[in-house]
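Geometric and topological summary
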Amino acid sequence: MRQGRGFGPARWLAVGAVSVVLAGCLGSNDTVVSGDGRTTPSEADLKYNVSITRTEMGIPHVRAKDYGSLGYGQGYAFAQDNLCVFLEDLLTIRGERSRYFGPDGTYTIEPNDNTSNNVDSDFFWKSLFAYEETGADGVKRNAWQRTRDKTIPDYQKVVDGYADGVNRYIAELKEGKHQYTKADGSKVTAHAACAGAEWLQPITSADMYRRFVRLAVLASSSVFVTEIGSAQPPGGGLSALPVPIPAASQGKGQKVAKAQRLSPAQQVALLKGNPNPFTAMQDKDKFGSNMYAIGKDGSETGQSIVYGNPHFPWRGTERLYLQHNTLELNGEKAMDIMGVGLYGVPAVLIGFNEKVAWSHTVSTAYRFTLYQLQINPQNPTQYMVDGQARDMIALPTEIEVKQADGTVTKMQRTLYRSHYGPMMVLKVSGIPVLGWNQLMAFTIRDANLENDRLINQFAKWNMAGSLEEFMSLHKSELGVPWVNTVASGPNKPAYYGDVTVVPNVSNAKTAACKAEPFHTVVNQLSPGLPVLDGSKEACAWDTDSDAPAPGIFGGGNLPTMTRTDYVHNCNDSYWLTNPRQPITGFARIIGDENAERTLRTRLCILQAERRLAGQDGRPGNKFTQDNLKDIVLDSEIYSATLARATVTDQLCQLPGLPTTSGPPVQTAAACAALKAWDGKANLDSKGAHLWREFWLRAIANPGGLPLGVPQLHLPPAIPLPALPVSLPTNFWASGFNPADPVNTPKTLNLLNPFTALALGDAIAAVQASGFAFDAPVKDVQQSGVQKNTRIPIFGGTSPEGAFTIVSSSPSRLSKTGYDVVYGNSYIQAVTWRADGTPKSDAMLTYSLSTDPANPHFDDYTKAYSAKQWLTLPFTQAEIDARKIAEPLVLQQAK
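This text gives an overview of the structure that appears in the document. Per chain, the residues get numbers from 1 upward, laid out in the order the sequence is written. Residue-level local features of this predicted model are given only where pLDDT is at least 70; pairs of side-chain atoms are given and counted only at 80 or more, and the full residue set underlies all totals for whole chains, interfaces and linings. Values shown for side chains rest on all heavy atoms present in the structure; no hydrogens or waters enter the calculation.

Right, let's get into the overall build of the protein chain. When you go through the protein chain residue by residue, the secondary structure sums to 24 helices and 40 strands. The classification of residues rests on relative accessible area computed with a 1.4 Å probe and restricted to protein chains. Under 20% of the type maximum is buried, over 50% is exposed, and intermediate values are partly exposed. When the 894 residues of the protein chain are sorted by exposure, 61% land in the buried category. Here, two residues are considered to be in contact whenever any of their heavy atoms come within 4.5 Å of each other. Taking contacts inside the protein chain between residues at least 6 apart in sequence as the whole, the part at least 24 apart equals 70%. Accessible surface for the protein chain amounts to roughly 31,700 Å². Of this, 51% is attributable to carbon and sulfur atoms. A run of H or I in DSSP counts as a helix once it spans at least four residues, and a run of E counts as a strand once it spans at least two, with each numbered from the N terminus. Under the convention used here, a 1.4 Å probe and the Shrake-Rupley method define accessible areas, while residue burial counts only the protein chains that appear.

What follows is the structure, encoded as structure tokens:
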């Protein structure tokens, strides 16, 4: 097996040597010692003492003998690789974007696709952490303080050490101590994007805990940054009601009047036709993942295998950082964990040790509910609950704003909360769909804003000594915010659980408390999300007896499964975790049952079923680590498996096809490319881009023309088949069958005229791009992150039924092809050797560092492009054999 490509010891040693040579210039309490045996201070005199050994691809192996030092090493190593992007996120969640970047910029939270302007972003985060609740001990705490105080004391030391490690690196960078030597001998400063920036400043432990809260609410409150950060009560007069109003109140402005006359159907059309948080939440092409756990009956060797592949951004702080953390206490290993964590998290979130391996996918469960409030007409900041008026909580908030001339001014805004949570106003194209007026308003309760157990969950998992302990902690801590989990251990079964933080809203409560018409409107875009009546105390969330916190389901009411063949999840609900044993009987807010699965989920299941039936063209009928690795990077496009023959055999019989906004196109060359295509998206696959352009258009609006599309060009010179008087608009000729959910729907419906239109538009799009119809993927698709060199990337999109995922910006084909900025990220296939040691073959698709000067900015990406797996060094012998530099020892005196 090829072990991947590193930059070799000489290059990384040059980087490490800078720190060693300049050790004498550090602060009086700091010491840097290389692995050359130089005298070090007594351990009793040290606050921190940690070693960092880098192996191929720059992977840091952090070894310490106390919790604080473990965090210190993690923070320093991470800062070496990803300082600037991390600091920008921290200043964002401190509410300081306008202070440093001015009011006109924007910030995007990549996984949930929320883009907000700097001002609204600042007010959102400032107000989020301004609100304090009084605990049982009588102490007032905000969200990050609750998380800090709930975190186990030993791991508080890890968090503090992490911040100190980052700060040490910042201090060194400010002093000009970190440079890289290029191949030509010239020097380049590390982290040029922020090395001279005003916001290159030390961080605090408070920043770390704010970051944990920010990650907890990734699938909930932070989807609504603008809607919460800009929400204001009506200033007078009856404002934007999305329901009919008396004629006497009309005529107060065109937009307001339009909003007031919208029917529920019109609201749905407005939401579906424009970007908004609800449609963003349903985008499984982003914020998704694939995973399997294979038990003894599915494994050729009888040994368990765990596969994980989160689909996450290639830019921003929701990239994953690969690390190995070893903690020895009193001569015994207390932790020996390897895997990845989101930026700034001092724990492994997906990974393995000697006793357990696990992975995650984003769950379908909702983490919040909306409440419609009945407003006191005399006071828009009062609302009624069981006939009694309640005052909203006012949060006067102030931010600093940098002006064009460099001066800094103050801006104030008062935001409000109900007892459920923050007030919000959702506008689409300037029209309030969920507005705030003198009769009603909307507020959000977020279970993960109340979740202070996230760090404890993963800290304890990182030290788990068995699969059984791991499973027990899953339910007892119940701190996983928004992801499904699969896990196994050596000679253990395959485990699945959607044991996550979910509002305790039963189907019966939803039926009794739904606020209409808004519940129906929202559910057209986010099926299963309750919009509840906030005027009734009986509509508050319930609490299970086994829940660790009020208002959420306990583990007994959340879906789990253990099997000896396999379990999987590819972002649909728990229902078909294994199709031989469907999981049913859970609340709709957690997920759907007996419902159509996505093409990616169907392929995910079929890959396992084909393998166990011996029907995938590979030897045998069980999984091995190697054939699993081959399967998951095979790059099959399942929509093509289902529908390509129908297109090429029937639709391609037409010599020409119409387009929506241009002249008709000829089909011969395009159809020849589709016929010759191998149905995959590997680098040498020819024609995959044409299929993608067709499929994404075909599924976009199969029931009718998009709003604003010009009249079709249908010249008589192009013969069209005879069509019935009433055209069917179903996308599939045979629909979903709950009795055969893995194989239905199927058979493309060519009587739907928009299918032909989609192919015509796809042909025109490829022609306009300048790419040949039969261009290989390697010529069309490349990393959109590493701009210094072109790296071709294989894979397809989730909507077209790919398992090997990419997502590009823009999503449609351009003259430069597809620039991949999202998709496969960390990929691991873990099993255990006969001696009990874990063997993990892995990839980090976008590489370890976001700093273009760093030697590990693109090395793993090049290996991924060539499908070169790296067997991760885990034992000390493996680390020593594959280190690319001597260990860097960091010490700081007390």
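Across soluble globular proteins, nonpolar side chains have a tendency to be buried as a group. Nonpolar core, defined: a set of buried Ala, Val, Leu, Ile, Met, Phe, Trp, Tyr and Cys residues in which side-chain atoms within 4.5 Å join the residues together. Formed by 254 residues in total, the largest nonpolar core has its most connected members in Leu83, Trp691, Phe694, Tyr826, Tyr860 and Leu872. Ranked by the residues each element gives to this core, the list is headed by helix H2 (residues 67–93), at 15 residues. Among residues more than four places away in sequence, those in contact with Phe694 are Val647, Leu748, Thr755, Ala758, Leu759 and Ala762.

Along strand E4 (residues 106–109), the buried face is formed by Tyr107 and Ile109; none of Thr106 and Thr108, which line the opposite face, is buried. Strand pairing is defined by DSSP finding a minimum of two bridges between the two strands. Of the strand pairs in this sheet, E4 and strand E5 (residues 114–117) are connected by four bridges, and their pairing is antiparallel. Along E5, the bridge assignment pairs Thr106 with Asn117. Two successive antiparallel strands, E4 and E5, enclose a turn made up of four residues, where Asp113 displays a positive phi of approximately 65 degrees.

Take unusual backbone geometry next. Most of the time, phi is negative for any residue but glycine, and the peptide bond is trans. For the bond running from Glu516 to Pro517, omega is 5 degrees, close enough to zero to count as cis. Checked against the element boundaries, Pro517 lands in the loop between helix H14 (507–513) and helix H15 (518–525). Note the cis peptide between Ser809 and Pro810, where omega equals 0 degrees. By the secondary structure assignment, Pro810 is in the loop between strand E35 (806–808) and strand E36 (818–824). Backbone geometry places Leu478, a non-glycine residue, at a positive phi of 45 degrees. According to the relative accessible area criterion, Leu478 is buried, its value standing at 0%.

So, about the environment of Ala389. Along the chain, Ala389 turns up in strand E18 (residues 388–391). Between the C-alpha atom of Ala389 and that of Asn379, which follows or precedes it by ten residues, the distance is 9.8 Å. If sequence neighbours within four positions are ignored, Ala389 has contacts with Gln382, Tyr383 and Met384.

Successive side chains on a regular strand alternate, one facing one side of the sheet and the next facing the other. Of all the six residues making up strand E40 (residues 888–893), five are buried; the element is thus mostly covered by neighbouring parts of the structure. Pairing analysis gives six bridges linking strand E2 (residues 46–55) to E40, with the strands arranged antiparallel. Bridge pairing in E40 places Tyr48 opposite Gln892.

Our next topic: the state of the cysteines. Here, two cysteine sulfur atoms that lie within 2.5 Å of each other are counted as a disulfide. Applying the stated criterion to the full structure yields four disulfides. In this model, Cys513 is linked to Cys539 through a disulfide, with the two sulfur atoms separated by 2.2 Å. Handedness here is read from the sign of the S-S torsion; for Cys513 and Cys539, about -90 degrees, the answer is left-handed. Separated by 26 residues along the polypeptide, Cys513 in helix H14 and Cys539 in the loop between strand E27 (531–533) and strand E28 (560–563) bring together distant segments of the chain. Across the pair, exposure class does not vary: Cys513 and Cys539 are buried alike. One disulfide in the model links Cys570 with Cys604; its S-S distance is 2.0 Å. An S-S torsion of about 40 degrees defines the bridge between Cys570 and Cys604 as right-handed. Of the two residues, Cys570 sits in the loop between strand E29 (566–569) and helix H16 (599–613) while Cys604 sits in helix H16, which places them 34 residues apart along the sequence. The exposure class of Cys570 is buried, given its relative accessible area of 1%. By relative accessible area, Cys604 is classed as buried at 0%.

Here the aromatic set is Phe, Tyr and Trp, taking the six-membered ring for Trp, and pairing holds for ring centres within 6.5 Å; pairs whose planes are under 30 degrees apart are stacked, those over 60 apart are edge-to-face, and all others are tilted. As enumerated under the stated definition, the model contains 36 aromatic pairs in all. Geometrically, the ring pair formed by Tyr76 and Tyr169 is edge-to-face, given 5.6 Å between the ring centres and 80 degrees between the ring planes. One end of the pair, Tyr76, is in helix H2; the other, Tyr169, is in helix H6 (residues 153–174), and 93 residues separate them in sequence. One exposure class covers both Tyr76 and Tyr169, and it is buried. Ring pairs connect the aromatic residues Trp677, Trp691, Phe694, Trp695, Phe731 and Trp732, which therefore count as one cluster. Note on geometry: a ring has a charge over it if NZ (lysine) or CZ (arginine) is within 6 Å of the ring centre and within 35 degrees of the ring normal. We note Arg99 situated over the ring of Tyr100; from NZ or CZ to the ring centre the distance is 4.8 Å.

This part covers the packing of H6 against helix H7 (residues 205–216). The angle between two axes is taken between their N-to-C directions and runs from 0 to 180 degrees, where each axis is a line fitted to C-alpha atoms and a helix contributes only its stretch in contact. Contact geometry of H6 with H7 gives a least axis separation of 8 Å together with a crossing angle of 115 degrees. On the basis of the axis angle, H6 is roughly perpendicular to H7. Here H6 and H7 pass one another in a crossing that is right-handed. In this structure, H6 contributes Gln156, Val159, Asp160, Tyr162 and Ala163 to the contact, and H7 contributes Ser205, Met208, Tyr209 and Phe212. Tallied by class, residues from the contact of H6 with H7 come to six nonpolar, two polar and one charged. Relative orientations are named as follows: roughly parallel for angles under 35 degrees, roughly antiparallel for angles over 145 degrees, roughly perpendicular for angles from 65 to 115 degrees, and oblique for any other angle. The sense of a crossing depends on the near helix, which, turned anticlockwise from the far helix by less than a right angle, makes the crossing left-handed and, turned clockwise, makes it right-handed. Following the grouping adopted for this structure description, the nonpolar residues are Ala, Val, Leu, Ile, Met, Phe, Trp, Tyr, Cys and Pro, the charged ones are Asp, Glu, Lys and Arg, and the polar ones are all others, Gly among them.

Given a relative accessible area of 6%, Cys513 falls into the buried group. In this structure the C-alpha to C-alpha distance between Cys513 and Gly534, which are 21 residues apart in sequence, comes to 8.5 Å. Those residues within four positions of Cys513 in sequence are excluded, and the remaining contacts are Val531, Leu532, Asp533, Ala538 and Cys539.

The next point concerns the packing of helix H18 (residues 638–649) against helix H19 (residues 668–676). Packed helices, taken two at a time, are described by the angle between their axes plus the distance between the axes. As a packed pair, H18 and H19 sit with axes 10 Å apart at the nearest point and diverge in direction by 145 degrees. Here the hand of the crossing between H18 and H19 comes out left-handed. Of the residues in H19, those in contact with Arg644, Val647 and Thr648 of H18 are Cys671, Leu674 and Lys675. Residues belonging to the contact of H18 with H19 are distributed by class as follows: three nonpolar, one polar and two charged.

Within H15, six of the eight residues are buried, which leaves the element mostly enclosed by the surrounding structure. Those residues of H15 that sit buried are Phe518, His519, Val521, Val522, Asn523 and Leu525.

By secondary structure assignment, the location of Ser808 is in strand E35. Among the residues examined, Ser808 registers a relative accessible area of 11% and is labelled buried. Pairs of N or O atoms within 3.5 Å make up the polar contacts considered here, provided that, within protein, one atom can donate a hydrogen while the other can accept it, and that residues adjacent in sequence are counted only when both atoms are side-chain atoms. At 2.8 Å, the side chain of Ser808 forms a polar contact with the backbone oxygen of Pro810. Beyond its immediate stretch of four places on either side in the chain, Ser808 contacts Tyr818, Asp819, Val820 and Val821.

The next point concerns helix H21 (residues 753–769). Look at H21: 25 Å from first C-alpha to last across 17 residues, which is about the 24 Å you get at 1.5 Å a residue. In terms of burial, H21 is a largely internal element, 13 of the 17 residues being buried. Of the residues trailing H21, Gly770 is marked for its positive phi of about 90 degrees. Any helix carries an expected span of 1.5 Å times its number of residues minus one.

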